[in-house]
Amino acid sequence: MSEEGNTLTLLQDLPENRASGTGGGWKDFVAGSLAGAAQVAVGHPLDTIKVRMQIEGSSVFKGPMDCLTKTVRNEGILGLYKGMSSPLVGIAAVNSLLFWAYSYGKALQTGSVAITPSLDQIAAAGAAAGAINSFLASPVELLKVRLQVQYSTTAGDGSVLFKGPVSLAQHLAQRFGMRGIMWGFWATVAREIPANAAFYTGFEFAKRSFAKLLTDGDTSKLGIAPLMLSGSVGGVSYWTASYPLDVIKSRVQNGKIPPRGAGYILTAAREIFAEQGIKGFFRGYSTSVIRSIPAAAVTFSTYELVMRSLGGNT
(Lines give C-alpha, C1' and ligand atoms only; values in the text may rest on other atoms or scores of the structure.)
Protein backbone atom coordinates (compact mmCIF):
# COMPACT_ATOMS: atom_id res chain seq x y z
CA MET A 1 0.00 0.00 0.00
CA SER A 2 1.28 3.53 -0.81
CA GLU A 3 2.24 6.05 1.85
CA GLU A 4 -0.82 8.12 0.88
CA GLY A 5 -3.05 5.08 1.29
CA ASN A 6 -1.65 4.35 4.74
CA THR A 7 -2.24 7.95 5.82
CA LEU A 8 -5.83 7.88 4.57
CA THR A 9 -6.52 4.62 6.41
CA LEU A 10 -5.11 6.03 9.67
CA LEU A 11 -7.23 9.16 9.39
CA GLN A 12 -10.35 7.12 8.71
CA ASP A 13 -9.66 4.98 11.79
CA LEU A 14 -9.41 7.98 14.11
CA PRO A 15 -12.45 8.87 16.22
CA GLU A 16 -14.85 11.36 14.69
CA ASN A 17 -13.52 14.91 14.40
CA ARG A 18 -9.98 14.06 15.56
CA ALA A 19 -8.61 13.97 12.02
CA SER A 20 -10.13 17.36 11.33
CA GLY A 21 -7.89 18.93 13.94
CA THR A 22 -10.61 19.94 16.40
CA GLY A 23 -9.03 17.76 19.07
CA GLY A 24 -5.44 18.78 19.73
CA GLY A 25 -5.12 20.62 16.42
CA TRP A 26 -3.88 23.94 15.08
CA LYS A 27 -6.81 25.81 16.60
CA ASP A 28 -5.60 24.85 20.07
CA PHE A 29 -2.13 26.15 19.20
CA VAL A 30 -3.49 29.51 18.02
CA ALA A 31 -5.90 29.96 20.94
CA GLY A 32 -3.30 28.77 23.46
CA SER A 33 -0.67 31.20 22.12
CA LEU A 34 -2.99 34.19 22.40
CA ALA A 35 -4.12 33.08 25.85
CA GLY A 36 -0.50 32.80 26.99
CA ALA A 37 0.36 36.29 25.76
CA ALA A 38 -2.67 37.72 27.57
CA GLN A 39 -1.68 35.89 30.75
CA VAL A 40 1.84 37.38 30.78
CA ALA A 41 0.63 40.90 30.01
CA VAL A 42 -1.73 40.83 33.00
CA GLY A 43 0.22 38.82 35.54
CA HIS A 44 3.96 39.45 35.17
CA PRO A 45 4.45 42.26 37.75
CA LEU A 46 2.91 40.18 40.53
CA ASP A 47 4.84 37.14 39.30
CA THR A 48 8.07 39.08 39.83
CA ILE A 49 7.05 39.78 43.43
CA LYS A 50 6.14 36.12 43.93
CA VAL A 51 9.50 34.86 42.66
CA ARG A 52 11.47 37.34 44.76
CA MET A 53 9.49 36.38 47.85
CA GLN A 54 10.16 32.70 47.18
CA ILE A 55 13.90 33.04 46.74
CA GLU A 56 14.81 35.72 49.28
CA GLY A 57 14.46 35.15 52.98
CA SER A 58 12.29 37.19 55.32
CA SER A 59 15.32 39.35 56.15
CA VAL A 60 15.12 40.89 52.66
CA PHE A 61 11.36 41.29 52.20
CA LYS A 62 8.91 41.36 55.10
CA GLY A 63 5.94 40.69 52.82
CA PRO A 64 4.47 41.30 49.35
CA MET A 65 3.92 45.05 49.89
CA ASP A 66 7.45 45.46 51.21
CA CYS A 67 8.77 43.64 48.13
CA LEU A 68 6.67 45.82 45.82
CA THR A 69 7.75 49.03 47.53
CA LYS A 70 11.47 48.18 47.54
CA THR A 71 11.41 46.98 43.94
CA VAL A 72 9.78 50.17 42.64
CA ARG A 73 11.90 52.42 44.87
CA ASN A 74 15.22 50.84 43.87
CA GLU A 75 14.57 49.82 40.26
CA GLY A 76 11.62 51.85 39.11
CA ILE A 77 8.32 50.48 37.82
CA LEU A 78 10.18 48.58 35.09
CA GLY A 79 11.74 46.45 37.81
CA LEU A 80 8.41 44.64 38.02
CA TYR A 81 8.74 43.67 34.36
CA LYS A 82 12.20 42.10 34.52
CA GLY A 83 12.37 38.84 32.58
CA MET A 84 9.08 39.58 30.79
CA SER A 85 10.43 39.04 27.28
CA SER A 86 11.18 35.41 28.04
CA PRO A 87 7.63 34.46 29.13
CA LEU A 88 5.96 36.81 26.64
CA VAL A 89 7.39 34.75 23.78
CA GLY A 90 7.92 31.53 25.70
CA ILE A 91 4.59 31.31 27.50
CA ALA A 92 2.80 31.75 24.19
CA ALA A 93 4.61 28.62 22.99
CA VAL A 94 4.17 26.90 26.34
CA ASN A 95 0.42 27.54 26.46
CA SER A 96 -0.08 26.49 22.86
CA LEU A 97 1.58 23.13 23.64
CA LEU A 98 -0.29 22.87 26.95
CA PHE A 99 -3.76 23.44 25.49
CA TRP A 100 -3.01 21.21 22.48
CA ALA A 101 -1.88 18.35 24.71
CA TYR A 102 -4.86 18.87 27.02
CA SER A 103 -7.33 18.82 24.14
CA TYR A 104 -5.72 15.75 22.63
CA GLY A 105 -5.68 14.02 26.02
CA LYS A 106 -9.42 14.54 26.40
CA ALA A 107 -10.09 13.16 22.92
CA LEU A 108 -7.94 10.08 23.59
CA GLN A 109 -10.01 9.24 26.66
CA THR A 110 -13.49 9.92 25.26
CA GLY A 111 -12.92 8.73 21.68
CA SER A 112 -14.26 11.99 20.24
CA VAL A 113 -14.01 15.70 20.93
CA ALA A 114 -17.81 15.81 20.64
CA ILE A 115 -18.15 13.81 23.89
CA THR A 116 -17.96 15.78 27.14
CA PRO A 117 -15.29 14.26 29.41
CA SER A 118 -15.84 13.63 33.10
CA LEU A 119 -13.96 15.72 35.64
CA ASP A 120 -11.72 12.72 36.34
CA GLN A 121 -10.82 12.63 32.65
CA ILE A 122 -10.26 16.40 32.71
CA ALA A 123 -7.81 15.97 35.59
CA ALA A 124 -5.97 13.14 33.80
CA ALA A 125 -5.70 15.15 30.59
CA GLY A 126 -4.47 18.18 32.53
CA ALA A 127 -1.84 16.14 34.39
CA ALA A 128 -0.55 14.58 31.17
CA ALA A 129 -0.50 17.96 29.43
CA GLY A 130 1.50 19.38 32.34
CA ALA A 131 4.12 16.64 32.04
CA ILE A 132 4.48 17.22 28.29
CA ASN A 133 4.47 20.97 28.75
CA SER A 134 7.45 20.77 31.12
CA PHE A 135 9.87 20.37 28.22
CA LEU A 136 9.10 23.95 27.17
CA ALA A 137 8.05 25.41 30.51
CA SER A 138 11.29 24.48 32.30
CA PRO A 139 13.74 26.54 30.19
CA VAL A 140 11.29 29.42 29.79
CA GLU A 141 10.76 29.69 33.54
CA LEU A 142 14.45 29.22 34.25
CA LEU A 143 15.30 32.32 32.23
CA LYS A 144 12.39 34.26 33.75
CA VAL A 145 13.28 33.38 37.34
CA ARG A 146 16.96 34.21 37.01
CA LEU A 147 16.24 37.54 35.34
CA GLN A 148 13.58 38.46 37.91
CA VAL A 149 16.05 38.28 40.80
CA GLN A 150 18.61 40.58 39.18
CA TYR A 151 18.38 43.66 41.36
CA SER A 152 20.62 45.94 39.31
CA THR A 153 22.38 46.19 35.97
CA THR A 154 25.76 45.20 37.41
CA ALA A 155 27.00 42.45 39.66
CA GLY A 156 28.84 43.10 42.91
CA ASP A 157 32.20 43.05 41.14
CA GLY A 158 31.00 45.62 38.59
CA SER A 159 30.50 43.14 35.75
CA VAL A 160 27.41 43.58 33.57
CA LEU A 161 24.55 41.25 34.32
CA PHE A 162 22.36 39.70 31.66
CA LYS A 163 20.27 42.16 29.70
CA GLY A 164 17.74 39.60 28.49
CA PRO A 165 16.89 35.94 27.99
CA VAL A 166 19.09 35.48 24.91
CA SER A 167 22.34 36.51 26.60
CA LEU A 168 21.44 34.48 29.69
CA ALA A 169 20.59 31.38 27.64
CA GLN A 170 23.88 31.67 25.75
CA HIS A 171 25.80 31.94 29.02
CA LEU A 172 24.09 28.91 30.57
CA ALA A 173 24.58 26.82 27.42
CA GLN A 174 28.25 27.73 27.12
CA ARG A 175 28.97 27.04 30.78
CA PHE A 176 26.80 23.99 31.49
CA GLY A 177 25.64 22.68 28.13
CA MET A 178 22.12 21.23 27.91
CA ARG A 179 22.01 20.86 31.71
CA GLY A 180 22.15 24.63 31.92
CA ILE A 181 19.13 25.04 29.65
CA MET A 182 17.05 22.30 31.31
CA TRP A 183 18.04 23.38 34.83
CA GLY A 184 15.29 22.32 37.23
CA PHE A 185 13.43 20.15 34.70
CA TRP A 186 12.30 17.48 37.17
CA ALA A 187 11.15 20.12 39.66
CA THR A 188 9.09 21.62 36.85
CA VAL A 189 7.57 18.22 36.05
CA ALA A 190 6.74 17.68 39.73
CA ARG A 191 4.92 21.01 39.82
CA GLU A 192 3.21 20.88 36.43
CA ILE A 193 1.44 17.53 36.90
CA PRO A 194 -0.70 18.40 39.97
CA ALA A 195 -0.91 22.07 38.99
CA ASN A 196 -2.50 21.49 35.61
CA ALA A 197 -4.70 18.67 36.83
CA ALA A 198 -6.18 21.19 39.29
CA PHE A 199 -6.05 24.07 36.77
CA TYR A 200 -8.32 22.46 34.21
CA THR A 201 -10.53 20.62 36.71
CA GLY A 202 -11.20 23.82 38.66
CA PHE A 203 -12.03 25.70 35.47
CA GLU A 204 -14.32 23.00 34.07
CA PHE A 205 -16.12 22.49 37.36
CA ALA A 206 -16.84 26.21 37.65
CA LYS A 207 -17.76 26.57 33.98
CA ARG A 208 -20.22 23.68 34.11
CA SER A 209 -21.69 25.02 37.35
CA PHE A 210 -22.27 28.44 35.78
CA ALA A 211 -23.76 26.78 32.69
CA LYS A 212 -26.32 24.92 34.82
CA LEU A 213 -27.36 28.19 36.43
CA LEU A 214 -27.32 30.45 33.38
CA THR A 215 -27.59 28.55 30.09
CA ASP A 216 -29.39 25.26 30.78
CA GLY A 217 -26.06 23.44 30.87
CA ASP A 218 -24.76 24.74 27.52
CA THR A 219 -21.21 25.94 28.20
CA SER A 220 -20.84 27.29 24.66
CA LYS A 221 -23.38 30.01 25.45
CA LEU A 222 -21.61 31.38 28.52
CA GLY A 223 -20.60 35.02 28.33
CA ILE A 224 -17.21 36.49 29.13
CA ALA A 225 -18.00 37.23 32.81
CA PRO A 226 -18.71 33.61 33.87
CA LEU A 227 -15.79 32.43 31.72
CA MET A 228 -13.46 34.82 33.51
CA LEU A 229 -14.81 33.80 36.91
CA SER A 230 -14.34 30.15 35.98
CA GLY A 231 -10.79 30.91 34.87
CA SER A 232 -10.10 32.52 38.22
CA VAL A 233 -11.24 29.34 39.99
CA GLY A 234 -8.83 27.40 37.80
CA GLY A 235 -5.98 29.76 38.64
CA VAL A 236 -6.52 29.55 42.39
CA SER A 237 -6.76 25.75 42.08
CA TYR A 238 -3.46 25.68 40.18
CA TRP A 239 -1.49 27.38 42.92
CA THR A 240 -3.28 25.70 45.81
CA ALA A 241 -2.38 22.28 44.39
CA SER A 242 1.26 23.05 43.61
CA TYR A 243 2.64 26.06 45.45
CA PRO A 244 5.23 24.32 47.69
CA LEU A 245 6.59 22.58 44.59
CA ASP A 246 6.80 25.93 42.81
CA VAL A 247 8.84 27.33 45.71
CA ILE A 248 11.23 24.39 45.38
CA LYS A 249 11.47 24.89 41.62
CA SER A 250 12.27 28.59 41.95
CA ARG A 251 14.92 27.90 44.59
CA VAL A 252 16.55 25.20 42.44
CA GLN A 253 16.52 27.27 39.26
CA ASN A 254 18.23 30.16 41.02
CA GLY A 255 21.03 27.96 42.34
CA LYS A 256 24.72 28.16 41.43
CA ILE A 257 25.09 24.84 39.62
CA PRO A 258 22.40 22.82 37.78
CA PRO A 259 21.67 19.66 39.77
CA ARG A 260 21.73 16.12 38.43
CA GLY A 261 18.99 13.50 38.68
CA ALA A 262 15.71 14.15 40.48
CA GLY A 263 16.79 13.72 44.12
CA TYR A 264 17.59 17.42 44.37
CA ILE A 265 13.87 18.10 44.85
CA LEU A 266 13.94 16.53 48.32
CA THR A 267 17.29 18.16 49.07
CA ALA A 268 15.89 21.60 48.28
CA ALA A 269 12.77 20.87 50.32
CA ARG A 270 14.88 19.99 53.37
CA GLU A 271 16.96 23.16 52.97
CA ILE A 272 13.86 25.36 52.79
CA PHE A 273 12.35 23.69 55.85
CA ALA A 274 15.59 24.01 57.82
CA GLU A 275 15.87 27.73 57.00
CA GLN A 276 12.26 28.90 57.27
CA GLY A 277 10.11 26.03 58.53
CA ILE A 278 6.81 25.14 56.89
CA LYS A 279 6.14 28.83 56.20
CA GLY A 280 9.00 28.81 53.73
CA PHE A 281 6.93 26.68 51.34
CA PHE A 282 4.20 29.32 51.20
CA ARG A 283 6.17 32.57 50.92
CA GLY A 284 4.53 34.55 48.14
CA TYR A 285 1.43 32.34 48.07
CA SER A 286 -1.00 35.22 48.63
CA THR A 287 0.64 37.16 45.80
CA SER A 288 0.30 34.15 43.50
CA VAL A 289 -3.38 33.72 44.32
CA ILE A 290 -4.09 37.42 43.79
CA ARG A 291 -2.17 37.33 40.51
CA SER A 292 -3.90 34.15 39.36
CA ILE A 293 -7.38 35.68 39.54
CA PRO A 294 -6.97 38.14 36.64
CA ALA A 295 -4.23 36.13 34.87
CA ALA A 296 -6.13 32.85 34.69
CA ALA A 297 -9.35 34.73 33.98
CA VAL A 298 -7.90 36.26 30.80
CA THR A 299 -6.10 33.01 29.91
CA PHE A 300 -9.20 30.83 29.84
CA SER A 301 -11.59 33.45 28.49
CA THR A 302 -9.18 34.28 25.66
CA TYR A 303 -8.74 30.60 24.83
CA GLU A 304 -12.48 29.87 24.91
CA LEU A 305 -13.46 32.90 22.83
CA VAL A 306 -10.73 32.36 20.23
CA MET A 307 -11.71 28.69 19.90
CA ARG A 308 -15.33 29.70 19.42
CA SER A 309 -14.37 32.16 16.69
CA LEU A 310 -12.35 29.44 14.96
CA GLY A 311 -15.16 26.90 15.26
CA GLY A 312 -13.22 24.60 17.59
CA ASN A 313 -14.41 22.49 20.52
CA THR A 314 -13.34 23.24 24.11
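Our subject is the structure listed above.
Parameters at a glance
In this numbering scheme, every chain counts its residues from 1 along its sequence in written order. Owing to the predicted nature of the model, reporting of local features is limited to residues with pLDDT of at least 70; listing and counting of side-chain atom pairs is limited to 80 or more, with chain, interface and lining totals taken over all residues. Values shown for side chains rest on all heavy atoms present in the structure; no hydrogens or waters enter the calculation. Secondary structure elements follow DSSP: runs of H or I of four or more residues count as helices, runs of E of two or more count as strands, with numbering from the N terminus. Per-residue accessibility, obtained with a 1.4 Å probe over protein chains only, is compared with the maximum for each type, and a residue is labelled buried under 20%, exposed over 50%, and partly exposed between these values. The contact rule is simple, with two residues in contact once any of their heavy atoms fall within 4.5 Å. Here the axes come from fitting lines to C-alpha atoms, over the contacting stretch only for helices, and the angles between their N-to-C directions go from 0 to 180 degrees. Working definition: roughly parallel below 35 degrees, roughly antiparallel above 145 degrees, roughly perpendicular at 65 to 115 degrees, and oblique for all remaining angles. Under this grouping Gly is polar, as are all residues other than the nonpolar Ala, Val, Leu, Ile, Met, Phe, Trp, Tyr, Cys and Pro and the charged Asp, Glu, Lys and Arg. Side-chain atoms within 4.5 Å link the members of a nonpolar core, which is a set of buried Ala, Val, Leu, Ile, Met, Phe, Trp, Tyr and Cys residues.

1. Some words on the overall build of the protein
A tally of helices and strands in the protein yields 11 helices and 0 strands. Along the protein, from the amino end to the carboxyl end, the secondary structure elements read α-α-α-α-α-α-α-α-α-α-α. The buried share among the 314 residues of the protein stands at 51%. Summarising the internal contacts of the protein: among those between residues at least 6 apart in sequence, 79% fall at separations of at least 24.

2. With respect to the packing of helix H9 (residues 224–253) against helix H10 (residues 264–276)
The interhelical angle for the contact between H9 and H10, taken along N-to-C directions, is 100 degrees, at an axis separation of 9 Å. As judged from the angle between their axes, H9 and H10 are roughly perpendicular. Facing Val 247, Ile 248, Arg 251 and Val 252 of H9, the residues of H10 in contact are Tyr 264, Ile 265, Ala 268, Ala 269, Glu 271, Ile 272, Glu 275 and Gln 276. Its residues assigned to classes, the contact of H9 with H10 comprises 8 nonpolar, 1 polar and 3 charged.

3. Some thoughts on unusual backbone geometry
The residue Asp 216 is not glycine, and still its phi comes out positive at about 55 degrees. By secondary structure assignment, the location of Asp 216 is in the loop between helix H8 (185–214) and H9.

4. Concerning the nonpolar core
Formed by 41 residues in total, the largest nonpolar core has its most connected members in Leu 172, Tyr 200 and Ile 248. Looking at this core, the elements that each hand over two or more residues are helix H2 (26–55), helix H4 (85–110), helix H5 (119–148), helix H6 (165–176), H8, H9, H10 and helix H11 (285–310). Among the elements that line this core, the one with the most residues is H9, at 7 residues. Grouped together as the second largest cluster of nonpolar side chains are 6 residues, Met 84, Ile 91, Val 94 and Ala 137 included.

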